[in-house]
Structures are given as C-alpha cells and as structure tokens.
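Each chain, letter by letter, is given below.
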Amino acid sequence: MLKKITVTVNETPHHLEVEPRLLLVHMIRELLNLTGTHIGCDTTSCGACTILLNGKSVKSCTILAVQANGKSITTIEGLAPEGGPLTPLQEGFKENHGLHCGFCTPGMILRATELLARNNNPTEEEIRWGISGNLCRCTGYNNIVKAILYASAKMRGEALPSTEPEFV
Amino acid sequence: MTQCKTSKEIGGMGHSLKRKEDARFIQGKGHYVDDIKLPGMLYMDIVRSPYAYAKIKSINIEEAMKVPGVITVVTGKDLEKYKLHWMPTLMSDTQMVLPTDTVMYQAQEVCAVIATSKYAARDGREAVKVEYEPMKPVMDPFKSLDPAAPVLRTDKPGKKDNHIWHWQAGDKEKTAQVFANADVVIKQQMHIPRIHVVSIETCGCVADYDKVNHHLTMYMTTQAPHAIRTVIALVAGHVGLSEERIRVVSPDIGGGFGGKVPVYPGYVIAIAVSFLVGKPVKWIEDRSENLQADSFARDYHITAELAGTKEGKILATRFKVLADHGYTDAAANPSKFPLGLFSICTGSYDYNAAFVEADAVYTNKPPGGVAYRCSFRVTEAVQAIERLTDMFAKKIGKDPAELRMQNFIKKEDFPWHSPTGWIYDSGNYQAGLQKAMDVVGYAALRKEQAEKQARGELMGIGISTFTEIVGAGPSKDFDILGIKMFDSAEIRVHPTGKAIARFGTKSQGQGHETTYAQIIAEELGIPAENIQVEEGDTDTAPYGLGTYASRSTPTAGAAAAVASRKLRDKARKIAAYLLEVSENDLEWETGKFFVKGAPEKSKTIQEIVFAAYTNHPQGMEAGFEATHYYDPPNLTFPSGAYICVVDIDKETGAIHIRRFVAIDDCGNIINPMIVQGQVHGGLTQAVAPAMYEELIYDGEGNILNGTLMDYLVPTAVESPKWETGHTCTPSPHHPIGAKGVGESPTVGGPPAIANAIIDALSPFGITHIDIPITPYKVWKALKEHGAYDK
C-alpha cells in the first residue's frame with residue numbers, strides 16, 4: 001500500500017507515493033536523486049545522513065519518509081545556491097581543511113548549521129559535544145571544530161580567525 | 001614556516017593551498033559509488049552465515065523467489081558452473097566467492113539475492129532459508145597450531161595443519177649471542193588486537209556488463225583500480241572477460257585506510273551476475289556487514305625482547321610473531337613480504353643485532369588482514385619496539401627521552417643499514433625529539449609528575465620516536481601478484497597552457513587533486529589552479545598500483561616531478577628555437593626560460609607550450625605531453641617524535657589525554673595544511689586502537705561488537721586537541737625530497753599513548769597493558785597491583 005505524502009525539500013514541494021516503510025534517507029537519495037546525503041551505517045551512529053527537518057538536524061536513516069509528510073527538509077544541496085555564495089559553514093570547512101574524503105561532510109555541515117542557529121557563539125567544548133553524533137574517520141575533528149568556530153565568527157560579523165595551519 | 005620557491009599565484013610546493021576538491025564535497029556534489037544509478041540497474045543483497053564454521057546442508061530459495069521484484073538467487077553451486085566460486089587473494093592464497101558446502105567464518109557470504117530494488121533484495125534475503133550443521137570453530141591462533149587441532153583448509157589437497165607461512169629476517173645466531181651475554185634482557189608478550197578501518201563509506205560497486213560489446217565497466221570502491229582490472233582479467237578471463245574490455249572506475253572514495261585494497265566476494269558476485277544477466281548490478285554493503293566480514297587489520301601476537309647494557313645502550317632485539325589471518329591470508333602485502341614491513345621493528349636506534357621470525361595461521365575468523373592507515377604492518381612493529389624501549393628505560397632507571405637520545409642513529413650515519421636489511425635514506429631523530437620536548441615543556445612536566453606522584457595522583461608522560469618505511473616500492477623487491485610496485489603520471493598541457501594530469505594512484509581523501517597539481521606547478525611554473533588532476537579511471541589514467549601504505553607521494557608524486565622535468569627539457573628546446581639561441585644559453589626560472597645575461601629575452605612556459613602546437617621546430621614531435629613510470633630506487637623513511645601526557649583517575653581508571661605533541665619529519669612538504677590535516681586524522685586513528693577499538697569474538701566465533709553501536713570509533717569528544725609540528729630531513733633519493741606522511745601518526749601514536757598510561761601506573765609496578773587500554777583494564781591492573789589496598 002503506497003502512501004501519498006507532500007514534503008518540501010530545499011524549498012521545492014514534492015508529491016510522492018511511498019511505501020510506509022521507506023526510510024527518509026532513501027526517499028531523498030533514490031526518489032529525489034539528492035545524493036549529497038550519505039549513508040555510513042545501519043545503527044544511527046555515524047550521522048552521515050543528517051539533514052534538517054523543519055530546521056532541526058535529524059539522522060534521516062532512522063525516520064520514515066511518511067513521518068516527513070507536510071514538513072520541510074533541507075539537504076546539503078539546499079544550503080546555498082549552485083555556484084554560491086557558500087554558507088559560512090561551507091566556507092569554513094573549505095578554508096580550514098575541515099574535510100578529507102568528504103563523505104561525512106554534508107552531515108557535519110547540517111548538524112553544525114543547527115548548532116549555530118541555536119547558539120552562534122559556542123565554545124570549543126560545546127562544538128565537540130554538539131557534533132559527537134557525527135563520525136569522521138579522516139580529519140581527527142580538530143579542523144572541523146576550527147571550521148565551525150570560523151563560521152560562528154563570520155555569522156557574528158567578527159574578525160575571522162586565522163586559517164593558517166598551526167604546524168610549527 | 002616552509003620556504004616556497006614559487007609565488008602564491010603559481011602555488012607550488014610549500015603553499016597551504018586550499019583544496020581544489022572541496023568545492024564539490026561541501027555542496028553535496030561528490031560522486032561516490034552509491035550515487036551511481038544506471039538504467040535497468042538491479043540490486044544485490046547478500047545472505048551471510050550466522051555460524052563461524054558449519055556445513056551447509058541446504059539453501060532453500062523457494063520463498064525468496066516469490067518475493068515481488070526478486071529476479072534470482074545466486075549460490076556457490078551456480079558460480080561453480082562457471083568456475084567463479086573461488087578467487088585468489090592478493091597474497092596468492094585462495095578464498096571462496098560463495099561456498100558450495102562449508103562456511104568458514106561468521107558473516108561469510110552464503111548466497112546473493114538479485115532484485116529490482118534495494119528493498120526487494122533485502123526482503124528476498126530475509127526469505128532465503130539456509131540449513132546449517134554447525135561445527136566447533138578454531139578461534140585461538142595458538143591452539144590452531146596444536147597438532148590435534150582440526151585442519152580448517154580441507155579445500156587444499158594434502159594440507160595437514162593450519163600453518164600458512166613462516167618468514168624471518170636478521171641474524172638469529174648473532175642475536176642469540178648478544179642476548180646470552182647482555183646485562184639486561186626485557187621480554188614482553190603483547191597482542192596488537194584485531195581492528196577495523198571503518199571508513200565512513202562502506203564498500204560497494206556497480207558492475208555493468210554489456211553483452212553486445214562484451215565490455216565490463218566496474219564502478220567500485222577501490223584504492224587500486226588498475227591492479228583490480230588485472231585481477232578481474234585473471235580471475236574471469238576464462239569466461240571471456242578480457243583486460244582490454246574491462247574498465248574499472250573508482251569514483252570519489254569515502255575513506256579507504258587499506259580496507260578498500262582487497263577484492264571482496266561481493267564485487268565478484270556482482271560481476272558474475274551482471275555478466276550472466278547483462279544488466280548493471282549494484283551492491284552496497286551495510287556498515288555491519290563491512291565491520292563483520294571485510295578485511296580486519298593487525299591481530300599479531302608478539303613476543304618482543306630487548307637486550308641492553310645497564311648503562312642504557314640497546315644491543316639487540318628479537319621478535320617472534322604469530323599472525324592470525326582468519327580463514328585465508330587475504331592481506332594486502334607485497335608478495336615477498338608476507339609479514340609486511342614489520343622488520344622495521346629495530347626502530348630509530350643504533351645497534352646491529354636483530355632477529356624477527358613469524359608464523360601465520362588459519363582460524364575461523366574473517367580473512368585479512370589489511371593495514372589500518374599504516375604502511376604494511378609497521379604499526380605492529382613500532383608498538384613493539386617503542387614499548388620495549390620504555391620498559392628498558394624503566395628497568396634501568398633512566399629517563400626514556402635520555403635513553404632514546406643515547407641510542408638514536410646519528411644524522412651523519414645515514415644512509416644507515418638496519419640489522420634486518422633496510423637502508424634508511426635519511427633522518428635527524430635527535431632534532432625531532434628535542435623539538436617535541438621543547439614544545440611540550442618536558443622538564444617542567446617531569447617535575448609536575450613527581451609532585452603529583454608524591455600526592456598519590458596518576459600522571460604519565462609517554463614518548464614514541466618512530467621510523468616509518470613507506471613508498472613501496474623498488475621493483476627488485478616489491479610486487480603484488482607479480483606486478484611491480486611502480487607508479488605513474490601522465491601530463492598533457494593544452495595549447496593555452498592549462499594542463500590535465502592523470503595518475504595510477506587514487507585519492508580517498510588525501511587531497512591528490514591539490515598536491516599533485518602543486519608538484520607540477522613547482523616544476524613547470526603553470527599555476528596549480530590551471531592543472532586538473534584525474535585518477536581512478538583505468539581507461540584514461542596510466543597504470544599504477546594505487547594509493548595505500550603512504551606510497552602516493554613517494555611514487556606517483558615522484559612520477560609527476562620526473563614527467564614535468566621531461567616537459568621542461570622539451571620546453572628548453574622550443575625556447576631555444578623561439579629565441580634563436582643555443583639551449584645551453586638558456587636558464588630556467590619558475591615559469592620561463594631566459595637568455596643568460598639577457599633576462600629581458602625570455603619565453604614563458606605558456607608561450608612555449610602554445611608554440612609546441614602552433615610553431616614547433618621542424619623535426620620535433622608536436623604537442624606537449626609526457627608520461628613517467630617511476631620505479632623508486634629505495635623506500636622512504638619518515639620519522640616522528642611524539643609525546644603524550646595523560647592524567648588518570650585512580651578510582652575509576654578513566655584516562656584523560658591532556659597534551660599530545662606530534663613532531664613529524666616527512667621530508668620536503670608539498671602542502672603544510674594538508675600534511676597537518678593528515679597528521680590530525682592519523683592521530684585520531686592512533687588514539688582509536690590505543691584506547692577504544694578491538695573486534696572481539698567469543699569461543700563460538702560470534703563477533704561481540706559487530707556494529708557501530710559497540711565498536712567504538714572516536715567522536716570529536718574522545719579525540720584530543722592535537723599539537724603538531726615538523727622537522728625537515730629531505731629524502732636524498734626522491735626527486736622532490738618528499739617522504740609520505742598520511743600514516744606516520746597512526747604508526748607512532750599508539751605507543752606514545754600506551755607509554756604515557758604505563759608511565760602513570762608505574763609507581764605500582766605495572767609494566768605493560770595490551771592496547772586498547774580501557775579504564776577497566778587500568779582499574780583491574782591497579783587492583784591487581786594493590787593500589788586499592790589500605
């Protein structure tokens with residue numbers, strides 16, 4: 001039995017017929033072909049599938065597409081218009097080498113987007129706990145934290161921290 | 001700060017250029033294998049064994065075939081008809097693709113369900129009924145060598161035991177003599193446990209066989225696309241898959257760390273099914289499947305011994321290794337080195353007697369083992385020598401930093417011949433350790449520690465001064481399945497002076513698109529921004545052995561430099577023609593040739609390249625392209641000095657890493673930002689095995705932590721704030737003096753952490769704890785050593 005749902009994804013409404021068991025991440029990737037949202041585990045541990053649902057970051061592998069009915073979704077593709085300008089976080093990740101393989105990056109950026117929306121001046125400790133539901137295997141997190149601090153300074157309109165590596 | 005020869009606009013070596021590849025990743029435009037969707041594509045899911053060792057009595061696919069969307073179920077017997085049910089491993093062992101009668105480890109592939117959608121394939125998987133007759137598995141590698149143990153590999157005719165191979169290096173008698181006469185002998189049994197790389201992207205593929213053109217395109221998560229193409233041709237040549245009709249494409253890879261070097265059964269099944277049905281077949285494994293069945297890393301049991309004088313001079317070391325390879329030796333080592341490069345285990349120290357011997361054994365665990373962000377088995381070696389060195393210092397009552405300084409190979413003694421046969425290219429170990437001690441404030445920390453110890457508080461300082469061995473490797477010794485371990489670069493400069501460069505390697509996050517462009521920019525003066533780097537498509541890139549074991553910069557990076565120099569030679573000829581002077585009258589300055597003594601007479605590289613297409617000298621080949629296959633004359637030997645400071649809560653055993661200073665020496669640096677990023681990541685993959693990660697099996701062969709719910713990958717909270725720096729001792733034989741760095745921290749990090757923890761616990765007489773060192777192990781050791789007795 002297919003269910004009719006309406007979801008707004010990156011400001012575009014979509015009318016879909018989906019199996020009730022369809023995971024939201026599969027709806028996003030397979031039905032809407034938005035492949036920037038990734039799948040890194042099967043236990044809600046890694047956060048690679050993180051999106052914004054009505055502005056709140058959720059792991060889209062552990063929510064059904066039907067639960068998103070009537071709601072608004074933002075994926076990595078919807079953060080900035082193609083060709084820019086980038087959001088402060090996207091810019092922060094690039095400027096501070098906050099990514100290597102890029103697989104966890106969309107989830108990290110969306111999680112951090114909510115984090116900074118709630119608190120635009122977090123401490124390093126708050127950032128580390130704030131992204132602790134998102135795993136990165138490449139970067140060792142230091143530059144992800146730096147990227148988020150950079151974005152928070154930019155959002156507050158303050159002087160940007162140095163992006164030079166502290167590699168003495 | 002690194003000195004740069006080129007301007008920021010050119011962006012050659014030494015510039016912290018922002019990465020070219022980032023634009024797509026931060027905007028959701030990366031292109032990973034699971035993002036590929038082809039018309040008519042089928043989906044594959046795999047039924048896996050719940051038992052570690054069992055006979056398959058029957059596979060009933062009746063119900064599965066009734067599931068809407070299920071096309072077929074493929075078993076070992078089906079593959080047997082095409083002789084595709086077995087495949088070779090990279091170590092020339094053999095491995096089932098799908099079993100015909102017996103399963104040898106838990107989570108082994110049993111059969112594959114092919115369906116029109118991901119969900120239908122999973123439904124079909126659930127509906128397959130397999131009847132097993134479980135047998136008692138052999139899980140302990142020591143017991144596996146017992147003559148009474150059941151022989152596991154009954155598929156090998158005449159096999160009478162579970163022994164795989166024996167390997168040794170060094171001088172046994174000489175070493176024994178030194179040990180017999182030494183003042184001090186340290187001996188420690190250690191286990192470097194089985195762990196998993198857990199790249200955030202799992203493994204998978206889309207196999208697309210075109211029956212009309214007899215052509216296979218294989219999109220897959222591989223670190224070595226060219227080698228894989230040859231392996232496919234070797235495994236499936238008999239059914240008509242000929243190498244010129246195979247294209248392997250490695251798209252963006254979501255982390256590799258060695259786990260994407262081997263050929264897993266899933267890939268082969270997908271190819272077989274696509275070949276049979278003529279449609280594209282996608283297989284993407286779950287995380288749990290990845291963790292439970294794909295190649296593990298490590299799992300070495302080591303008896304490590306050190307002989308020294310009571311004054312603190314190291315005289316000899318001896319290592320005996322038992323390698324648990326699980327069901328088959330599916331490691332990814334160079335053919336002549338089944339123990340990898342473990343024989344680097346004599347470390348950074350100056351002595352001339354060592355002996356290493358190793359035996360490998362089959363058990364009913366998943367096959368492997370790959371490296372985990374480390375050059376072939378070097379982490380195991382470094383853990384052993386660095387733990388021994390600390391134990392030695394402790395035993396004779398000498399500061400571990402002072403003891404290391406006393407024993408280091410001196411910088412003037414390079415090239416240095418190690419007692420196990422390596423020729424270290426260059427190093428300056430004293431400078432590295434001194435810098436690390438200065439940055440961390442070593443003397444003050446020791447003072448603080450003494451005060452804390454007097455108050456009964458637990459604080460430890462741990463050092464690791466390691467030598468890596470990377471850049472495999474010279475063709476006289478290094479091959480995988482007979483293919484020599486060179487690597488390649490092909491540079492094509494277009495008429496307008498912009499270039500595309502292709503390589504036999506494959507980045508999985510290392511930033512090749514940026515660093516290779518910087519090497520070419522350095523050599524030719526073409527801005528890095530105007531150099532497009534491409535890897536991973538065997539139809540377009542030159543042949544190479546791929547990216548692992550920190551080999552890309554030492555091999556393909558060198559090839560980029562040499563190919564660039566070939567182009568510069570051609571540029572000189574064209575410039576001489578254009579300027580109407582002799583070649584000898586020209587001098588090169590980044591980006592242009594000018595006439596000696598008349599610098600106003602010059603031709604830029606862009607003008608020269610344009611002439612190569614529009615006005616080239618008669619008799620000269622037109623165009624501006626060069627290819628180089630680089631066969632390294634030696635390996636490179638990066639090094640590092642790491643110092644870790646820990647505070648331990650005596651009551652709970654909780655360990656807090658307060659400081660971690662890492663000083664790396666990877667020779668000349670191409671991009672400091674990327675090198676530092678690699679060090680950060682490698683260090684977190686050092687704290688992981690040192691404190692959190694281990695694949696644990698029970699006696700029946702069940703994995704006890706086969707999901708990310710209980711296999712503890714460090715988050716941003718567990719990962720310390722790393723303090724990084726470098727010294728620079730260029731490699732004398734590498735064209736740009738670089739050495740490779742991506743794995744040094746993973747190699748050097750764990751013993752620094754282990755040494756710090758043991759240092760904190762040493763007042764209670766604790767001398768060793770196997771990694772991962774958890775709060776429970778700390779608490780238990782403290783309890784056993786009377787720390788809680790009052």
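This structure is a prediction, so every number in the text was calculated from the model and none was measured.

Q: Help me out: how do you make sense of the sheet that holds strand β29 (residues 598–604) of chain B in this one?
A: Neighbouring strands of a sheet are bound in pairs by backbone hydrogen bonds; such pairs are parallel or else antiparallel. All names here are of chain B. Taking strand neighbours across the sheet as the criterion, the 3 strands line up as β27-β28-β29 in an open arrangement whose pairing is antiparallel. Strands with a single pairing partner mark the edges of an open sheet, and in this sheet they are β27 (586–589) and β29. Neighbour-to-neighbour, the strand axes of this sheet turn through a mean angle of 35°, independent of strand direction. Pairing of strand β28 (residues 592–595) with β29, which is carried by 4 bridges, proceeds in the antiparallel orientation. Note that in β29 the partner of Phe-593 across the bridge is Lys-603.

Q: Is there a simple way to explain unusual backbone geometry in this structure?
A: In most cases, non-glycine residues show a negative phi, while peptide bonds are predominantly trans. A cis amide bond, omega -5°, links Phe-414 of chain B with the succeeding residue Pro-415 of chain B. Inspection of the secondary structure puts Pro-415 of chain B in the loop between α11 (400–407) and β19 (416–417). The residue after Ile-771 of chain B, namely Pro-772 of chain B, is reached through a cis peptide bond having omega -5°. Even without being a glycine, Tyr-141 of chain A presents a positive backbone phi close to 70°. Here Tyr-141 of chain A lies in the loop between α4 (124–130) and α5 (142–155). Of the residues examined, Tyr-141 of chain A reaches a relative accessible area of 0% and is grouped as buried.

Q: What is the right way to look at the pairing of strand β33 (residues 723–726) of chain B in this model?
A: Remember that side chains alternate between the two faces of the sheet whenever the strand is regular. Residue and element names in this part refer to chain B. In terms of strand pairing, strand β32 (residues 655–665) meets β33 through 4 bridges, oriented parallel. In the strand pairing of β33, Asp-664 is matched with His-726. Chirality of the crossover, the property in question, places the unit of β32, helix α17 (residues 672–692) and β33 among those that are right-handed.

Q: How should I be thinking about a nonpolar patch on the surface in this particular structure?
A: A contiguous nonpolar patch, built from Tyr-82, Leu-276 and Val-277 of chain B and spanning about 220 Å² of accessible area, is present on the exposed surface. Secondary-structure assignment places Tyr-82 of chain B in the loop between α3 (76–80) and β4 (86–88).

Q: Which parts of the structure should I look at to understand the domain arrangement of chain A?
A: Residue and element names in this part refer to chain A. Here chain A is described as being made up of domain 1 (3–78) and domain 2 (88–155). Put simply, the middle of domain 1 and the middle of domain 2, counted by C-alpha atoms, are 21 Å apart. With 18 residues of domain 1 at the contact, the number on the domain 2 side is 13 residues. Between domain 1 and domain 2 lies a buried interface of about 1200 Å² when both sides are counted; carbon and sulfur atoms form 62% of it. In terms of surface lost to domain 2, no three residues of domain 1 exceed His-38, Thr-50 and Ile-76, which account for 39% of the buried area on that side. Scanning the region where domain 1 abuts domain 2 turns up 0 salt bridges. Our count for the domain 1 to domain 2 interface comes out at 7 residue pairs in polar contact (both at pLDDT 80 or more).

Q: Whenever I open this one, the pattern of salt bridges confuses me. Can you help?
A: Pairing is possible between side chains of opposite charge, provided their charged atoms come close. All names here are of chain B. Under the counting rule described, the total for this entry stands at 67 salt bridges over all chains. Here Arg-229 makes a salt bridge to Glu-243, at a shortest N to O gap of 3.0 Å. Placement of the pair is Arg-229 in helix α7 (residues 225–236) and Glu-243 in the loop between α7 and β13 (246–249), with a sequence separation of 14 residues. Under the relative-accessibility criterion, Arg-229 is labelled buried at 14%. Under the relative-accessibility criterion, Glu-243 is labelled partly exposed at 27%. Sharing partners across several salt bridges, the network here consists of Asp-45, Arg-48, Glu-109, Arg-122, Arg-125, Glu-126, Asp-286 and Glu-289.

Q: Please explain the interface of chain A and chain B as it appears in this structure.
A: By a frequent convention, interface size equals the accessible area lost on bringing the separate parts together. Taken together, the contacts link 58 residues of chain A with 66 residues of chain B. Summing both partners gives a buried area of about 5300 Å² for chain A against chain B, and 56% of it is carried by carbon and sulfur. Across the chain A-chain B interface, the total number found is 7 salt bridges. The partner of Glu-124 of chain A in a salt bridge is Lys-721 of chain B, with the nearest N and O atoms 3.2 Å apart. Counting across the interface, chain A meets chain B through 34 residue pairs in polar contact (both at pLDDT 80 or more). Within the residue set of the side of chain A that touches chain B, elements represented by two or more residues are α1 (24–31), α2 (88–95), α3 (105–118), α4 and α5 of chain A. Sorting elements by how many residues they give to the side of chain A that touches chain B places α2 of chain A first, with 4 residues. Residues of the side of chain A that touches chain B, tallied by class, amount to 24 nonpolar, 21 polar and 13 charged.

Q: Can you walk me through α7 of chain B in this structure?
A: Think of an α-helix as 3.6 residues a turn; residues three or four steps apart then line up on the same face. Residue and element names in this part refer to chain B. Taking 1.5 Å as the rise per residue, α7 with 12 residues should run 16 Å; its terminal C-alpha atoms sit 16 Å apart, in good agreement. For α7, a buried count of 11 out of 12 residues is recorded, marking the element as mostly surrounded by other parts of the structure. The set of residues buried in α7 consists of Pro-225, His-226, Ala-227, Ile-228, Arg-229, Thr-230, Val-231, Ile-232, Ala-233, Val-235 and Ala-236. Its buried side turned inward, α7 meets β4, β12 (215–220), β13, α8 (265–277), β23 (483–484) and β25 (499–503).

Conventions and cut-offs
- Residues numbered from 1 in each chain as written.
- Chains lettered and ligands numbered in written order.
- Predicted model: local features only at pLDDT ≥ 70, side-chain atom pairs only at ≥ 80, totals over all residues.
- Heavy atoms only, no water.
- Pairing = 2+ DSSP bridges.
- Helix = DSSP H or I, 4+ residues; strand = E, 2+ residues; numbered from the N terminus.
- Axes fitted to C-alpha atoms, helices over the stretch in contact; angles between N-to-C directions.
- Buried < 20%, exposed > 50% of the residue type's maximum accessible area, 1.4 Å probe, protein only.
- Right-handed = clockwise from strand over helix to strand, strands pointing away.
- Patch = residues over 30% accessible without salt bridge, like charges linked within 9 Å, V, L, I, M, F, W, Y side chains within 5 Å.
- Areas by Shrake-Rupley, 256 points an atom, 1.4 Å probe, with all protein chains shown as cover.
- Salt bridge = Lys/Arg side-chain N within 4 Å of Asp/Glu carboxyl O.
- Domains from an automatic or database assignment.
- Contact = heavy atoms within 4.5 Å.
- Buried area = accessible area lost by both parts, 1.4 Å probe.
- Polar contact = N/O pair within 3.5 Å; in protein donor to acceptor, adjacent residues only side chain to side chain.
- Nonpolar A, V, L, I, M, F, W, Y, C, P; charged D, E, K, R; others polar.
- Expected span 1.5 Å × (residues − 1).

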